[in-house]
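Observations on chain architecture
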Amino acid sequence: MSNEYIDNILSNFDFSKIELLPILTEIQKQNKDNYISDDISDYVATKLKMPKARVDEVITFFSAINTSRKGKIVLQLCESTVCGVKKKHLIGEAIQEKLNIKLGETTPDNLFTFEHTPCFGACDIAPAMRVNGIVHGNLTVEKVLLLLDQLSKDGENNK
Amino acid sequence: MISENFGKYKYNEIDKYIELGGFTGLKTAFEKGKQHVIDELKISGLRGRGGAAFPTWQKWKGGLNELEQETFVICNADEGEPATFKDRELLSQDPYKVIEGLTISGYMRSAKTGTIYLREEYTYMKHQLETAIELSRKKGYLGKNILGTGFDFDIRVFSGAGAYVCGEGSALIESMEGKSGKPRLKAPRISSKGYLQMPTQSNNVESLAVAATILKIGASKYAEHGYGESVGTKLISICGNVNKPAVYEIPFGITLRQIIEEVAGGVENNKKVKFLQLGGVSGPLVPASLLDTRYTYEDLWDLDLGIGSGAILVADEDMSVIEYIKLANNFFHHESCGKCIPCREGVHVYKKIIDKLLNKTAKKSDIDYLLEVGTLMNETSFCGLGQTAATPVLKAIKYFRDELYTGTID
């Protein structure tokens, strides 16, 4: 991928070091693989005239910035206390069984990644999951299986 | 009062907000001046609603002294405390009140710029907030020479990137400066050296909304509600095993039992309450025997409990305390920034021992060790995260020791 979009983002932020976090977030958003590679980190560090270690520190610190390629659809099941009380483990087990992957893994067709995530403030509709950032709540095993079917179908159609 | 506008307008309907009496609080502040704002906040008894409960008037009174240096104000919308979602409702249902509150805060500090620090998980609201800010600018409530007073002030929305510790003021600022969000050593506090070394005042979303409300209706009217020294009302987010989990505005002083039964529709499936956790995952566990406690700062402090963010998680009789503290500690294990040793190592020790309890291979002495390490974390950690990370476990030891012993072999 060309680095032109990165140059544009950097210039929109006036090559300002203090804007590193929104710069990285924006790069990830525009990157088709949805993560910040080592090469990108190196490039940003050079352009901002700062040590790569400083860029890497920020990349690895924040959970919303990915350091590796993820599936097209990222399923993030809340693992916090409220969803725990509302039996989120049943949802997690159903997802792993259906997709035949373990927590943290990506399906071989690169369509789904399944992760746990800390609370995202949807406790009134626990147990809840984010699907590429969109919140789905009041989950039941039945509901989540239907949702996965729908997402698979959409994924096929978009191929 | 705080939630008076919920459901009454959409984020792009600033005229409706104005019809509802919006921006009256800001006008009052301009007309009556800074001392009046401080006096009103004092009468209202408003305490920081993010969880720290520091009196807002004390935080704001620094604005009475004119500073030579530029000052910066922040609205902390990094609502990351599990079980807490009341700021989410304020931001989505009454964004102009938050903008108004932040503008009043900016006026108090003679700031030129304010930032709403929005957690990554709430990014879906960023566009709405930015639209509301833009419309406020067009109507003259933000920008140059606001309402002809000569006061210039503008607001930017800054998105976080998923780090609970950034709710801590100095960590939040570090992340705004392009660094990883690790708390700074204090002193200096952010009130003297914060964002870009400027004096910085940071307030929780709800605190700002309450300040705007108080200046709109008058502190004495606000003070008609509440109980004892806990004046007024509070937004709570009640969730877990209740029939009607949601955000509610309640007067201080009703009991925990009333909140569960009368406000939140009682426990699901007619089960019994086993325990609550107040104020989020860093808050205390409260056993069912204390349900008749009044929901006030003072009544809860007397029992070494606290209101925190206003979250109330209800767990019914089916929930295992050992499994629960596992969930709670997992959170801190994930979110500890690793800067200071007591927190970084403490949550790790906790993980090991809690796993032993789950596998029923722990010893009774392990519980004593949890107590020792937890006390150390509480007393010596660098920031609020580490200082409170052990709270659920320490309260579990206090109230559910016998159940913890079911995970031991001796």
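Predicted model, so just to flag it, every value in this text is computed and none were measured. (Residues numbered from 1 in each chain as written. Chains lettered and ligands numbered in written order. Predicted model: local features only at pLDDT ≥ 70, side-chain atom pairs only at ≥ 80, totals over all residues.)

Re the overall build of chain A
This is how the line gets drawn: Helix and strand labels come from DSSP, where a helix needs a run of H or I of at least four residues and a strand needs a run of E of at least two; each type is numbered from the N terminus. The burial criterion counts other C-beta atoms lying within 10 Å of a residue's C-beta, which is placed from the backbone; the residue is buried at 20 or more, exposed at 12 or fewer, and partly exposed between these limits. Here, residue contact means that the backbone-derived C-beta atoms of the two residues sit within 7 Å.
Along chain A, the regular secondary structure elements total seven helices and four strands. Reading chain A from its N terminus to its C terminus gives the helix and strand order α-α-α-α-β-α-α-β-β-β-α. Considering only C-alpha atoms, chain A reaches an extent of 50 × 35 × 25 Å along its principal axes. Taking all 159 residues of chain A together, the buried fraction comes to 33%. Put simply, 59% of the contacts in chain A that link residues at least 6 apart link residues at least 24 apart.

A short note on the overall build of chain B
To keep things clear, this is the line we draw: Just to be clear, the radius of gyration here is over C-alpha atoms, and the globule rule we use is 2.2 Å times residues to the power 0.38.
Helix and strand counts for chain B stand at 17 helices and 11 strands. In summary, chain B has a C-alpha radius of gyration of 22 Å against a globular reference of 22 Å for 410 residues, a match within 12%. Reported as C-alpha extents along the three principal axes, the dimensions of chain B are approximately 75 × 45 × 35 Å. Burial statistics for chain B: of 410 residues in total, 55% are counted as buried. Within chain B, contacts between residues at least 6 apart in sequence are counted, and of these 71% link residues at least 24 apart.

Thoughts on the packing of helix H6 (residues 88-99) of chain A against helix H7 (residues 141-157) of chain A
For any two helices packed against each other, the geometry is given by the interaxial angle and the distance between the axes. Residues and elements named next belong to chain A. Just so we agree on the cut-off: Between the N-to-C directions of two axes lies an angle of 0 to 180 degrees, each axis being a line fitted to C-alpha atoms and, for a helix, fitted only over the stretch in contact. Crossings are sorted by hand: turned counterclockwise from the far helix by less than a right angle, the near helix makes the crossing left-handed, and turned clockwise it makes it right-handed. All residues other than Ala, Val, Leu, Ile, Met, Phe, Trp, Tyr, Cys, Pro, Asp, Glu, Lys and Arg, Gly among them, are scored as polar; the first ten of these are nonpolar and the last four charged.
Two elements in contact, H6 and H7, have axes whose closest approach is 9 Å; the angle formed by their N-to-C orientations is 35°. For H6 against H7, the interelement crossing comes out right-handed. For the pair H6 and H7, the contacting residues are Leu90, Ile91, Ala94, Ile95 and Lys98 in the first and Val141, Val144, Leu145 and Leu148 in the second. When the residues that make up the contact of H6 with H7 are grouped by side-chain class, the tally is eight nonpolar, no polar and one charged.

A look at the sheet that holds strand E3 (residues 154-159) of chain B
All names here are of chain B. Using the following cut-off: When DSSP locates at least two bridges between a pair of strands, those strands are taken to pair.
On the basis of which strands lie adjacent, the open sheet formed by four strands has the order E3-E2-E1-E4 and parallel pairing. The open sheet has two edge strands, E3 and strand E4 (200-204), and neither has a second partner. In this sheet, adjacent strand axes meet at a mean angle of 25° when their direction is disregarded. Here six bridges tie strand E2 (residues 113-118) to E3, and the two strands are oriented parallel to one another. Paired with Tyr117 across the strands is Phe158, a residue of E3.

Overview of the domain arrangement of chain A
Put simply, the test is: Each domain's extent was defined by an automatic or database domain assignment.
For chain A, the assigned domains read domain 1 (4-61) and domain 2 (73-157). Here domain 1 of chain A and domain 2 of chain A have C-alpha centroids that lie 29 Å from each other.

Description of the environment of Gly45 of chain B
Residue and element names in this part refer to chain B. Counting through the fold element by element, Gly45 comes out in the loop between helix H3 (34-44) and helix H4 (56-60). Given 21 C-beta atoms within a 10 Å radius, Gly45 is considered buried. Once residues lying within four places of it in the same chain are set aside, the contact partners of Gly45 are Glu229, Ser230, Val231 and Gly232.

Remarks on the domain arrangement of chain B
All names here are of chain B. Under the domain assignment used here, chain B contains domain 1 (14-222), domain 2 (232-316) and domain 3 (321-405). On a C-alpha basis, the centroid separation for the pair domain 1 and domain 3 is 34 Å. Listed per partner, the contact involves seven residues of domain 1 and eight residues of domain 3.

Here we look at the environment of Ile134 of chain A
With respect to the secondary-structure elements, Ile134 of chain A resides in strand E4 (residues 134-136). Residues Ile134 of chain A and Leu75 of chain A, 59 residues apart in the sequence, show an inter-C-alpha distance of 9.6 Å.

Looking at the sheet that holds strand E1 (residues 73-78) of chain A
All names here are of chain A. Spatial strand order, E2-E1-E3-E4: four strands in an open sheet with mixed pairing. Of all strands in the sheet, those bounded by a partner on one side alone are strand E2 (112-117) and E4. The mean inter-strand angle of the sheet, taken between neighbouring strand axes irrespective of direction, is 25°. Most of the contacts of H6 go to E1, to which it runs at about 155°, and overall it touches E1, E2 and strand E3 (129-131).

Concerning helix H2 (residues 20-30) of chain A
Taken residue by residue, H2 of chain A has Leu20, Leu21, Ile23, Leu24, Thr25 and Ile27 of chain A as its buried positions. Those residues of H2 of chain A that are buried lie in contact with helix H1 (4-12), helix H3 (38-47) and helix H4 (52-61) of chain A together with E3 and helix H8 (169-176) of chain B.

Here we look at the pairing of strand E1 (residues 72-77) of chain B
Residues and elements named next belong to chain B. In terms of burial, E1 is a largely internal element, six of the six residues being buried. Every second residue of E1 is oriented toward a common face, with Phe72, Ile74 and Asn76 on one face and Val73, Cys75 and Ala77 on the other, all of them buried. Bridging between E1 and E2 involves six bridges; their strand directions are parallel. Each bridged residue has a counterpart across the sheet, and for Ala77 the counterpart in E2 is Leu118. Where E1 meets E4, five bridges bridge the pair, whose relative direction is parallel. Bridging across to E4, Cys75 finds its partner in Asn203.

Some points on the interface of chain A and chain B
Contact residues are listed per partner, giving 29 residues for chain A and 40 residues for chain B. Contributions of two or more residues to the side of chain A that touches chain B are made by H2, H4 and helix H5 (81-85) of chain A. Residues of the side of chain A that touches chain B, tallied by class, amount to 17 nonpolar, seven polar and five charged.

Regarding the nonpolar core
As a reminder, the rule being used: Put simply, a nonpolar core is a cluster of buried Ala, Val, Leu, Ile, Met, Phe, Trp, Tyr and Cys residues tied together by C-beta atoms within 7 Å.
In terms of nonpolar packing, the biggest core is built from 156 residues, with Leu313 and Val314 of chain B touching the most fellow members. The greatest single-element share of this core, amounting to eight residues, is contributed by helix H9 (residues 205-217) of chain B. Beyond its immediate sequence surroundings of up to four residues, Leu313 of chain B is in contact with Thr81, Val82 and Val85 of chain A together with Ala83, Cys239, Gly240, Leu276 and Gln277 of chain B.

A look at the pairing of E2 of chain B
Counted only if it meets this: Convention used here: a crossover is right-handed provided that the path from the first strand, over the helix, to the second strand proceeds clockwise when the strands point away from the viewer.
With respect to burial, E2 of chain B is a largely interior element, five of its six residues being buried. For the segment spanning E2 of chain B, helix H7 (residues 126-138) of chain B and E3 of chain B, crossover handedness is right-handed.

Looking at unusual backbone geometry
All names here are of chain B. Omega for the bond connecting Lys186 with Ala187 falls within 30 degrees of zero, at 0°, which places this linkage in the cis form. That bond from Ala187 to Pro188 is cis: its omega, 0°, falls within 30 degrees of zero. Within the secondary structure, Pro188 is located in the loop between H8 and E4. The backbone of Asn270 sits at a positive phi, close to 55°, despite the residue not being glycine. By the element assignment, Asn270 lies in the loop between helix H11 (256-263) and strand E9 (273-278).

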